Amino acid sequence: MLNKAVKDFVIILAITGLLFFNLSVWHVLAINIILFVFYILRIAPGGYLTLIKFFNFTAKGFRVKILGSFASVMMLGAIAGAFLVFYKLTPLVICASFLLNGLLFSFLKIWAGRSANKKIIEFEDANLLVIDEMPSPIMGVVFFLALSAYGFYLLWHSRTGVVVLSPWQVINENYLYVYLLATFVLGILIFSNLKAKTILFLLFILTLLAHSYLPLTHELIYGADGWRHIASEQRILNGEPLVAVSLSDEPINFLHKIDLGRFSYSQFWSLSVILSQIFNVSLLKINVWIVPLLWALVFPILLFEFGRLIGLNKKEALFLSWLGLLPFAWQAGGSFSLPVNFGFLWWFLLALLTLKSFENGRREQFYVLIGAGIALFFGYSLYFLLFWLGFVIAMIIRLGLKGGLRKFLLAPIAILGIFFIPILELVSRYSFFDSNINIFGQIKQAIGNITGWYLATGPRTHDISAGNIILNQTPSYAFVSNALTTSRFWLVVAMLAIFAVALVGLLASFAQKQTIRVWVALMSASIFGGYIVSRYFLSGEQILSRRLDNVFALFLLALAAIGAQWLYNKYLVRIKYRQLLLASTILIFSLIGTAAYSLGPDTQTVSTNEYQAMQSVWEKQKDAERYCVIADTYPLLVLEAISAKKIIGGGFPINEYFAQPERMEIYAKMLEEPSVVQWKKAEYLTKADMCFLVVPKEKLIINDFVERYFKKFKIFGNIIVWEYIY
């Protein structure tokens, strides 16, 4: 055993040493790729042996090898993130992260290899429901693959570089119906005689197709936050110190002073920078594809394993995995490469391990979970908190929910869980009580948001940020109608049915004695209650609760699956036309999922012209000490990314709420009536020697003052860059 440990150490040391010299001196792409692949193959056994030996995952499942490899990559990001928080990422630090992570997984491989196997609990899969009248599943697979290939083709040919407010403004109208048909066909194939690993592979393809509707349809990225993360990653890549996430001159309290954002984002930033350097790919491309690829590869497996743990048979668990395409929160979440979505996958795996510890208590499980929970401190803060909430609830369930204690513990645990997030937000002063709040109005608001009523009676003219779990409440300016959303009241009925079945699942889980289902019920109550309390009965930034959508969707579908299973076993198992009912259910959920898919996200892009204009501005200003750029918010975020955070907000003051009222006022007045007065105001606020106005030419009013400076304009398509030297 000692010889194996020494051999592993020597091999990992050799890989990291070669990687250091290649990153620092040789810069040969092929060597980077070979070393990275060999490294993952070398350390991944430590991950999947831990899952098999300590957490009773099935040894013959290829999906376990994927999860083991995923765990090794995520821990690499966490270790590098720890270095980043306290120092920076140099080639030496990156290779030190590789070395430490390699040693950790080598230790896990030896530790798990020496541990005795314990009996793995096998789930009963009797009476699996199969559609016997189905035509050859092979033909169904071929048809599905053809539809998927055509879907990718339609997305790629919808690609644009202009400003859009929703991807559906540019996506070929036929794509939605191709996607609907592919979703339905795969739903039917789940209940054929195909093996689970085949269905999971097909789910990978369909999930990747679903989440490609953002990466494939624009030359840049959707949304604002991605540019901010690219800006920070570019600073890391340049070896520069990070800029504090909070730009307030006077932090509100201790939590603000220590800059928790840096901890929350360190894992995501570090892994993005490492992959960019290893594969010589731009940070823009990394931030376009990292989450869609990881989500497609890992999320269907996680949902399948979760389904098995909560007592579903293989077909039901595969169906739950297929339902991962249903909620808008996941459709968007798996498409945006943001730390909150990236961290959700890591938390979900650790939540599964927490549930696995119920099967047979082992000290090794406790040690692994404690170590992973500590490492989560360098991941997304919300999931660090949720992991420990789930871990504590699991410990209480294992120790206390026996005999007469059961009925006395459930209610207090649920109440404490419900107020866990709201109390944290109040203590951190990211939320506060509003004495003028209308309680009945907020209850109405919550019901209208979550059921889709406001969507059905709208769409509204303004954006709605709360309650976008299954359905996105698309504002009218970004709404693109189709055959499924011309009339939307049927979606309200569907939502009410889903919540009714989930309520049955919640009551059934509390009533039953399975510890795993009790945990799911308590966590569900905590998430649902905490979300409602914070989002609708507190005011402020709600920095934790407004990022709970992914977790809300998970527990909603889990309870709905438990409720549907209970209703089926009690009332439907003996009905004559079960297979027709099943096919109808698949069709209905395909329609709901596709309709939800077409409702968003409602988020803006920048154009390639704006990107080129900001590159030009940076070339002019990169040697300046102070900066002045008057422009709209989105182009300035691009400039922040291009300049690696040297120019934030165009150089204008930013308050504690990340707002810039002075810049916005100057920009608006420059569009209405350009004059030297606005330039002087900009000079006073920024103290810069020169200033730039970046604006679409159709928005700029051409008066005598503008014509006098026309020769100083640079034009990039429809974008004007006006340089003014004081």
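Residues numbered from 1 in each chain as written. Predicted model: local features only at pLDDT ≥ 70, side-chain atom pairs only at ≥ 80, totals over all residues. Heavy atoms only, no water.

**Here we look at the packing of aromatic side chains**
Applying the stated criterion to the full structure yields 57 aromatic pairs. When the centroid spacing of 6.2 Å and the interplanar angle of 70° are considered together, the rings of Phe36 and Phe98 count as edge-to-face. Residue Phe36 is located in helix α2 (residues 29–53), and its partner Phe98 is located in helix α4 (residues 91–114); the two are separated by 62 residues in the primary sequence. Here Phe98 falls in the buried class, since its relative accessible area comes to 0%. Ring centres 4.9 Å apart and planes at 55° place the aromatic pair Phe263 and Phe377 in the tilted group. Placement of Phe263 in helix α10 (residues 260–279) and of Phe377 in the loop between α15 (363–375) and α16 (381–400) is noted, with a sequence separation of 114 residues between them. A relative accessible area of 10% means that Phe263 is categorised as buried. Above the plane of the ring of Tyr571 lies Lys570, whose end atom (NZ or CZ) is 5.8 Å from the centre. Residue placement shows Lys687 over the ring face of Tyr684; its charged tip is 4.7 Å from the ring centre. (Phe/Tyr/Trp six-rings, centres within 6.5 Å; stacked < 30°, edge-to-face > 60°. Helix = DSSP H or I, 4+ residues; strand = E, 2+ residues; numbered from the N terminus. Buried < 20%, exposed > 50% of the residue type's maximum accessible area, 1.4 Å probe, protein only. Lys NZ or Arg CZ within 6 Å of the ring centre and 35° of its normal.)

**Quick word on the sheet that holds strand β5 (residues 713–716)**
In spatial order, the strands read β3-β4-β6-β5; together these four strands make up an open sheet with mixed pairing. Two strands close off the open sheet at either side, each with one partner strand: β3 (629–630) and β5. Both β5 and strand β6 (residues 719–725) contribute to a ladder of four bridges, which runs antiparallel. Residue pairing for β6: Ile715 is matched across the bridge by Ile720. Relative to strand β4 (residues 690–696), helix α27 (residues 661–672) is tilted by about 65°, and along the sheet it contacts β3, β4 and β6. (Pairing = 2+ DSSP bridges. Contact = heavy atoms within 4.5 Å. Axes fitted to C-alpha atoms, helices over the stretch in contact; angles between N-to-C directions.)

**Some points on the nonpolar core**
In this structure, Trp347 and Trp519 are the most contacted members of the largest nonpolar core, which totals 219 residues. Here this core takes 16 residues from helix α11 (residues 283–309), the largest share from any one element. Sequence-distant contacts of Trp519, defined by excluding residues within four places in its chain, comprise Ala351, Leu355, Phe358, Gly390, Ile393, Ala394, Ile397 and Phe555. Counting residues in each nonpolar core, the second largest holds 21 residues, with Ile630, Tyr667, Cys691 and Phe705 among its members. (Core = buried A, V, L, I, M, F, W, Y, C linked by side-chain atoms within 4.5 Å.)

**Considerations on empty space enclosed by the protein**
In this structure the tally under the stated criterion is three cavities of 30 Å³ or more. Roughly 60 Å³ of internal volume is contained in the largest cavity. Looking at the largest cavity, the residues that line it are Tyr179, Thr183, Trp322, Leu323, Leu325, Leu326, Phe589, Ser590, Gly593 and Thr594. Tallied by class, the residues present in the lining of the largest cavity amount to six nonpolar, four polar and no charged. Of the voids in this model, the second largest cavity is the one considered here, and its volume is about 40 Å³. At the level of secondary structure, the elements contributing two or more residues to the lining of the second largest cavity comprise α7 (196–211) and α11. Tallying contributions element by element places α11 first for the lining of the second largest cavity, with four residues. Residues of the lining of the second largest cavity, tallied by class, amount to five nonpolar, four polar and no charged. (1 Å grid on protein atoms, 1.4 Å probe; cavity = no way out; pocket = protein on both sides within 12 Å on 5 of 7 lines; lining within 4 Å. Points joined across faces, edges and corners; volume = space filled by probe spheres on them. Nonpolar A, V, L, I, M, F, W, Y, C, P; charged D, E, K, R; others polar.)

**What about the state of the cysteines?**
One pass over the full model with this rule turns up one disulfide. Between the sulfur atoms of Cys628 and its disulfide mate Cys691 the distance is 1.9 Å. Taking the torsion about the S-S bond as the criterion, the Cys628 to Cys691 disulfide, at about -55°, is left-handed. One end of the pair, Cys628, is in the loop between α25 (608–621) and β3; the other, Cys691, is in strand β4, and 63 residues separate them in sequence. Judged by its relative accessible area of 0%, Cys628 is buried. (Disulfide = S-S within 2.5 Å.)

**Quick look at helix α28 (residues 676–686)**
Where α28 is concerned, the buried positions are Gln678, Trp679, Ala682 and Thr686. An end-on view of α28 places all buried positions within 100° of arc, on one side of the element. Turning to α28, the residues buried within the fold contact β3, α27, β4, α29 (704–708) and β6. (Arc of directions from axis to C-beta.)

**Description of the side chain of Ser643**
With respect to the secondary-structure elements, Ser643 resides in the loop between α26 (633–642) and α27. According to the relative accessible area criterion, Ser643 is buried, its value standing at 2%. Among the polar contacts made by the side chain of Ser643, one reaches the main-chain carbonyl oxygen of Leu639 at a distance of 2.8 Å. (Polar contact = N/O pair within 3.5 Å; in protein donor to acceptor, adjacent residues only side chain to side chain.)

**Quick word on the packing of helix α3 (residues 62–86) against α4**
Where α3 contacts α4, the two axes come as close as 9 Å, and the packing angle between them is 135°. Relative to α4, the element α3 is oriented oblique. At the point where α3 passes α4, the crossing takes the right-handed sense. Packed against α3, whose contacting residues are Ala71, Ser72, Met75, Leu76, Ile79, Ala80 and Phe83, the element α4 presents Val93, Ala96, Ser97, Phe98, Leu100, Asn101, Leu104 and Phe105 at the interface. (Parallel < 35°, antiparallel > 145°, perpendicular 65-115°, else oblique. Left-handed = near helix turned anticlockwise from the far one by under 90°.)

**Structural notes on unusual backbone geometry**
Excluding glycine, most residues fall at negative phi; most peptide bonds, likewise, are trans. Backbone torsion omega between Gly458 and Pro459 reads 5°, so that peptide bond is classified as cis. Position of Pro459 among the secondary structure elements: in the loop between α20 (453–456) and α21 (489–511). Of note, the amide linkage connecting Gly600 to Pro601 takes the cis form, showing an omega dihedral of 5°. Note that Pro601 resides in the loop between α24 (578–597) and α25. Of note in this structure, Arg429 is not a glycine but carries a positive phi near 65°. Residue placement: Arg429 occurs in the loop between α18 (420–428) and β1 (431–432). The residue Gln542 is not glycine, and still its phi comes out positive at about 50°. In this fold, Gln542 is placed in the loop between β2 (539–540) and α23 (549–572). Taking the relative accessible area as the measure of exposure, Gln542 reaches 6% and is therefore buried.

**A closer look at the environment of Leu186**
Take Leu186: it is sitting in helix α6 (residues 175–190). Residue class for Leu186 comes out buried when judged on its relative accessible area of 0%. Taking the C-alpha atoms as reference, Leu186 lies 8.2 Å from Trp322; in sequence the two are 136 residues apart. Excluding anything up to four places from it in sequence, Leu186 contacts Phe144, Leu202, Leu203, Leu206 and Trp322.

**A word on the pattern of salt bridges**
Oppositely charged side chains are able to pair whenever their charged atoms sit close together. Tallied over the entire structure, the rule returns 11 salt bridges. Note that Asp8 is salt-bridged to Lys109, the shortest N-O span being 3.2 Å. On the criterion of sequence distance, the pair formed by Asp8 in helix α1 (residues 2–26) and Lys109 in helix α4 is long-range, its members being 101 residues apart. Glu240 is the salt-bridge partner of Lys646, the closest N and O atoms lying 2.7 Å from each other. Separated by 406 residues along the polypeptide, Lys646 in the loop between α26 and α27 and Glu240 in the loop between α8 (225–237) and α9 (254–257) bring together distant segments of the chain. (Salt bridge = Lys/Arg side-chain N within 4 Å of Asp/Glu carboxyl O.)

All we've got here are geometric facts, nothing functional implied.
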